[in-house]
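# Survey of secondary and tertiary structure
These are the residues of each chain, in order.
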Amino acid sequence: MNAILLAESPRTAFAESVLGRGEVRVVLLRTAGMPLSRAYLRRTARVPTFTLDPAAAPMDEAARYLRWVKGTKGLPRPWFVSGGDAEAGEVARRFGALVDLPELTPEQLVPAPGPVPALAREPWWRDGRALLEGDLSDPGNSARSLAPSA
């Protein structure tokens, strides 16, 4: 099962919805001093959490994170980074670039109807390929015109 590094924000609904899904393992990326409710902190107490020090240099925090991931036995290894809103998305994007994790958008984490496919370890540019291609035999599929002719 794949894992994501999920940047938190004070608006916790997105993080809680992702945490409630069984097919996604989560490591939280928290910023020290972020105002989070006690109830949310209790609910996430058992979730592996890396807390960024906003006063530290970004490269130092990235190095500290990589040491933490490597040195923590049983920690799920995130393959992607994501944030649920604009502020958390910016933190995810910047930190993900420092630790070489591609970004998943919140839309890519929203459960689709039907069976949920496992997150595949693909290069960032292939994330939406399955959505684009879909079923090319379907005459209503807008990607059909992009399919090579046989």
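Treat the numbers as computed from the prediction; the structure is a model and nothing was measured.

## What about the side chain of Arg30?
Mapped onto the fold, Arg30 is located in strand β2 (residues 25–31). Here Arg30 falls in the buried class, since its relative accessible area comes to 15%. Beyond its immediate sequence surroundings of up to four residues, Arg30 is in contact with Glu8, Leu36, Tyr40, Leu41, Thr44, Thr49, Phe50, Thr51 and Leu52.

## Looking at the pairing of strand β3 (residues 49–52)
Only one face of β3 is buried: it carries Phe50 and Leu52, and the other face, with Thr49 and Thr51, is open. Sheet topology note: the β2/β3 ladder contains 4 bridges and is parallel. Paired with Arg30 across the two strands is Thr51, which belongs to β3. After leaving β2, the chain enters helix α2 (residues 38–43) and then returns to the sheet as β3, a path that is right-handed.

## With respect to the side chain of Glu61
Relative to the assigned elements, Glu61 resides in helix α3 (residues 58–71). Look at Glu61 and you get buried, because its relative accessible area is 6%. A polar contact is formed between the side chain of Glu61 and the side chain of Arg64, at a distance of 2.7 Å. Apart from residues lying up to four places away in sequence, Glu61 is in contact with Phe50, Thr51, Leu52, Asp53, Ala56 and Phe95.

## Looking at helix α4 (residues 86–98)
For α4, which comprises 13 residues, the first-to-last C-alpha distance of 19 Å matches the rise-based estimate of 18 Å (1.5 Å per residue) to within 8%. Where the residues of α4 are buried, they touch β1 (3–7), β2, β3, α3 and β4 (78–83). Within two residues after α4, Asp100 carries a phi angle of roughly 60°, on the positive side.

Scoring rules and cut-offs
- Residues numbered from 1 in each chain as written.
- Predicted model: local features only at pLDDT ≥ 70, side-chain atom pairs only at ≥ 80, totals over all residues.
- Heavy atoms only, no water.
- Helix = DSSP H or I, 4+ residues; strand = E, 2+ residues; numbered from the N terminus.
- Buried < 20%, exposed > 50% of the residue type's maximum accessible area, 1.4 Å probe, protein only.
- Contact = heavy atoms within 4.5 Å.
- Pairing = 2+ DSSP bridges.
- Right-handed = clockwise from strand over helix to strand, strands pointing away.
- Polar contact = N/O pair within 3.5 Å; in protein donor to acceptor, adjacent residues only side chain to side chain.
- Expected span 1.5 Å × (residues − 1).

The values reported here are purely geometric and, on their own, carry no functional implication.
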